[in-house]
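# Summary of the model geometry
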Amino acid sequence: MTQNFKVKEWVNWAQDLCKPDKMVWIDGSAAQLDTLRAEALADGELIALNADKLPGCYLHRSAQNDVARSEDKTFICTTHEADAGPNNNWKSPKEMYEKLTPLFDGAMRGRTMYVVPFCMGPVDSPFAKLGVEITDSIYVVLNMAIMTRVSPDVVALLDKTDDFVKGLHAKADLDIDKRFICHFPEDNAIWSINSGYGGNALLGKKCFALRIASYQAKQEGWMAEHMLIIGIQNPAGEVKYVCAAFPSACGKTNLAMLIPPEIYANKGYKVWCVGDDIAWLRIGKDGRLWAINPENGFFGVVPGTNAKTNPNALETIRKDTIFTNVVYNEDDATLWWEGLDKNPPENGIDWKGNKWNGKTSTEKGAHPNSRFTTPAANCPVISPEFEAPHGVPISAIIFGGRRAKTAPLVYQARDFAHGVFVGSIMASETTAAQTGAVGVTRPDSMAMKPFCGYNMADYFAHWLEMGEKLGDNAPEIFNVNWFRTDDDGNFIWPGFGENLRVLEWILARCGDDMPAQVTPIGYLPRPADINMEDLDLTMDRLQEILSIDKDLWQAEVASIKEYYQSFGHRLPEYLHNELSNLEERLK
Ligand code: GTP
Ligand code: SPV
Ligand code: MN
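## Things to note about the site of ligand 1
Inspection of the region around ligand 1 gives 21 residues, with Ala 249, Lys 252, Thr 253, Asn 254 and Arg 371 positioned closest. Separating an oxygen atom of ligand 1 from a backbone N or O atom of Ala 249 is a distance of 2.8 Å. Here Asp 277 contributes a side-chain N or O atom positioned 3.1 Å from an oxygen atom of ligand 1. Among the secondary structure elements, those contributing two or more residues to the shell around ligand 1 are helix 9 (252-256) and strand 16 (297-301). In terms of residues, the shell around ligand 1 owes the most to one element, helix 9, which gives three residues. The residue makeup of the shell around ligand 1, split by class, is 10 nonpolar, seven polar and four charged.

## Things to note about the pairing of strand 5 (residues 112-120)
Of all nine residues in strand 5, nine are buried; the element is thus mostly enclosed. Residues Thr 112, Tyr 114, Val 116, Phe 118 and Met 120 of strand 5 are buried on one face, and the alternating residues Met 113, Val 115, Pro 117 and Cys 119, pointing to the opposite face, are buried as well. Bridge count between strand 1 (residues 22-25) and strand 5: four bridges; the pairing is parallel. What sits directly across from Lys 22, in strand 5, is Thr 112. Sheet topology note: the strand 5/strand 6 (residues 129-135) ladder contains seven bridges and is antiparallel. Looking across to strand 6, one finds that Val 115 is bridged to Ile 134.

## Observations regarding the packing of aromatic side chains
Per the counting criterion, the structure on display carries 26 aromatic pairs. Ring centres 5.5 Å apart and planes at 80° place the aromatic pair Phe 104 and Trp 191 in the edge-to-face group. Of this pair, Phe 104 sits in helix 4 (residues 93-104) while Trp 191 sits in strand 9 (residues 189-193); the two residues are 87 residues apart in sequence, bridging distant segments of the chain. Summarising the burial analysis for this pair, Phe 104 and Trp 191 share the class buried.

## Focus: the site of ligand 2
Taken together, Arg 69, Tyr 197, Gly 199, Lys 205, Lys 206, His 226, Ser 248, Asp 277, Phe 299, Arg 371, Ala 433 and Phe 451 make up the full set of residues near ligand 2. Between ligand 2 and the protein, one listed contact pairs an oxygen atom with a side-chain N or O atom of Lys 206 at 2.5 Å. Here ligand 2, which alone exposes 280 Å², has 98% of that area covered by the protein.

## Comments concerning the nonpolar core
Within the largest apolar cluster, 160 residues are counted, with the highest numbers of intra-cluster contacts made by Trp 280, Phe 323, Trp 463, Trp 493 and Ile 506. The next biggest cluster of nonpolar side chains, apart from the first, holds 33 residues, and it includes Val 11, Cys 77, Val 132 and Trp 191.

## Remarks on unusual backbone geometry
In the Ramachandran plot, Asn 194 falls in the positive-phi region, its phi being about 75° despite a non-glycine side chain. Tracing the backbone through its elements, the reader meets Asn 194 in the loop between strand 9 and helix 7 (198-201). Look at Asn 194 and you get buried, because its relative accessible area is 2%.

## Side note on the packing of helix 12 (residues 416-424) against helix 17 (residues 573-586)
The N-to-C vectors of helix 12 and helix 17 enclose an angle of 80°; their axes lie 10 Å apart at closest approach. The orientation of helix 12 relative to helix 17 falls into the category roughly perpendicular. Along its contact with helix 12, which presents Ala 417, His 418, Val 420, Phe 421 and Ser 424, the element helix 17 presents Tyr 574, Leu 575, Glu 578, Leu 579, Leu 582 and Arg 585.

## Some points on helix 12
Along helix 12, eight of the nine residues are buried, which leaves the element largely enclosed by surrounding structure. Listing the buried residues of helix 12 in full gives Phe 416, His 418, Gly 419, Val 420, Phe 421, Val 422, Gly 423 and Ser 424. Among the residues of helix 12, the N-terminal cap falls to Asp 415, whose side-chain oxygen and the backbone nitrogen of Ala 417 are separated by 3.3 Å.

## Brief notes about the sheet that holds strand 16
One open sheet accounts for five strands, arranged 2-3-17-22-16; its pairing is mixed. Of all strands in the sheet, those bounded by a partner on one side alone are strand 2 (47-48) and strand 16. Summarising the sheet, strand 17 (residues 322-324) and strand 22 (residues 371-375) pair through three bridges and their orientation is antiparallel. Bridging across to strand 22, Thr 324 finds its partner in Arg 371.

## Brief notes about the coordination of the manganese ion (ligand 3)
Of the protein atoms, only Lys 206 (NZ), His 226 (NE2) and Asp 277 (OD) coordinate the manganese ion (ligand 3), at distances of 2.1 to 2.5 Å. Relative to the metal, the six donor atoms surrounding the manganese ion (ligand 3) lie at angles of 63 to 171°, and the coordination shape comes out irregular. All donors of the manganese ion (ligand 3) belong to a single chain; written as a sequence motif, their spacing is K-x19-H-x50-D. With Lys 206 in helix 8 (residues 204-220) and Asp 277 in the loop between strand 13 (270-275) and strand 14 (279-283), this residue pair connects regions lying 71 residues apart in the sequence.

Procedures and definitions
- Residues numbered from 1 in each chain as written.
- Chains lettered and ligands numbered in written order.
- Predicted model: local features only at pLDDT ≥ 70, side-chain atom pairs only at ≥ 80, totals over all residues.
- Heavy atoms only, no water.
- Near = heavy atom within 4 Å.
- Polar contact = N/O pair within 3.5 Å; in protein donor to acceptor, adjacent residues only side chain to side chain.
- Helix = DSSP H or I, 4+ residues; strand = E, 2+ residues; numbered from the N terminus.
- Nonpolar A, V, L, I, M, F, W, Y, C, P; charged D, E, K, R; others polar.
- Buried < 20%, exposed > 50% of the residue type's maximum accessible area, 1.4 Å probe, protein only.
- Pairing = 2+ DSSP bridges.
- Phe/Tyr/Trp six-rings, centres within 6.5 Å; stacked < 30°, edge-to-face > 60°.
- Areas by Shrake-Rupley, 256 points an atom, 1.4 Å probe, with all protein chains shown as cover.
- Core = buried A, V, L, I, M, F, W, Y, C linked by side-chain atoms within 4.5 Å.
- Axes fitted to C-alpha atoms, helices over the stretch in contact; angles between N-to-C directions.
- Parallel < 35°, antiparallel > 145°, perpendicular 65-115°, else oblique.
- Contact = heavy atoms within 4.5 Å.
- Donors = N, O, S within 2.8 Å, 3.2 Å for Na, K, Ca; no water.
- Tetrahedral: all angles 85-135°; square planar, octahedral: opposite > 155°, others 65-115°.

Dropping the structure here:
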């Protein structure tokens, strides 16, 4: 338990409000987590699996109405509505404290209240930040122990500072009508109730490391972004680091664990994973941009993970992993999900807990947003710099969305400021990672639409300011789209490991000697500059995904205009000008 008076005072207040039967401080020790797992197994919150085939792994089934982030129930509570911006649901702090206090009142009666001190970032990093999550869910505690740093070292740090984020979480009745995920950036506080789902309940992740942290980053002059971080090692052994921001379920974990195609592996290329979802970026003493991954594990999409698409992820999740909402195989207590292999179990139990025969059933066995929670240390390609206190220097920033049409395979911004424009005009088709319709194209600037804890117009201004501070040291900015489809709806680009071919062009463009085509939207590769060796794709198809359809782009400009208008006068003038210039160039 901490000696920090502020923490104790707040925990006492929460205890008085939530009225648990018992309170347990979590130190992350193996013995303590073992006890919790045994308890969760006894009451069915966790299901044991085959200890030989999946050592240390468990299955959890969530409530059926609680399987994804609930964006309509997520609020940014600032004094002034304009500070939350049109990109967020806003309520005043007063209103939400008043509304949620009665919901938390007595919410933990008959339950245990767990107090989890945690650290985002390596514990010895000057950029690390502390939080304390109070929760009544063992599932949440066990997930937090994987996703964040939870240890006596963290408690020692907490003893010395009052700078911590207060996260209050209660499952309550999982009542969807009383589900709220409220952020109070002015108070460093998060209140989440009636959901047990990852992004709603693991408060270190999206709630803290993106929504609250983006607000802090704006004040303190750094950036909190929805980005993976990888190191790409060339045959000479040099490693260059890039960050990539893609919306939820658009390929970050897959790119973060990329295995080079044979022709690249044979030459000596390697890809190292630093992070798969969140990056905290700062300008270093050398003037360059440096990134740390504040997380300690991966909370990844399960369906589609297989030996071909992501063998590294498959290897990572063979042990010490919590699976949520996949198929249980009664024959040997193993797991299955859509896209694993062509051999689904006949004696299965689906994610809803019903008997499921994979050979005959027409329904999906695993939920499309079923997830694994697994320690970063398990990843066979975890970067040697994963724990580096100052992080890694970033050469390129890549934005990318899921677009059937319009966005080409890859293009480069003219400079950093233009790159901010490119990020701001991103749009992507919605996925199963959030509740609501799937496949609807919506603006998702920098893949941060659901995660920016303040007015996005101010966020764009902050990006532009960071670019000015970085000057000549600014990373190059790119946009990619792995998801262009043909007339039959099939993906044209093979994706996954083959994405290294695009990364190779990107890194070449970060040097001096790779020419490119100048187009209205930015620099595109000359088709011959994408390495097609050993690739099952015709030059015609490549040219197709490297083409820019002026009609589609003109329509795109019209919708961006409308989107920009939602920010009113707060939108930086520069972005308006870039949009007009783009419109001109498309004529
Ligand atoms: P979050 O954890 O929600 O932030 O998702 P993510 O961005 O990490 O996405 P992830 O890597 O888990 O991929 C999501 C889905 O996209 C999976 O179904 C993948 O199989 C699919 N996917 C990933 N990379 C590619 C690719 O290069 N091409 C195609 N066609 N699909 C991909
Ligand atoms: C996402 O939806 O972007 C995720 C999963 O990474 S969650 O933690 O639920 O946000
Ligand atoms: Mn994510």
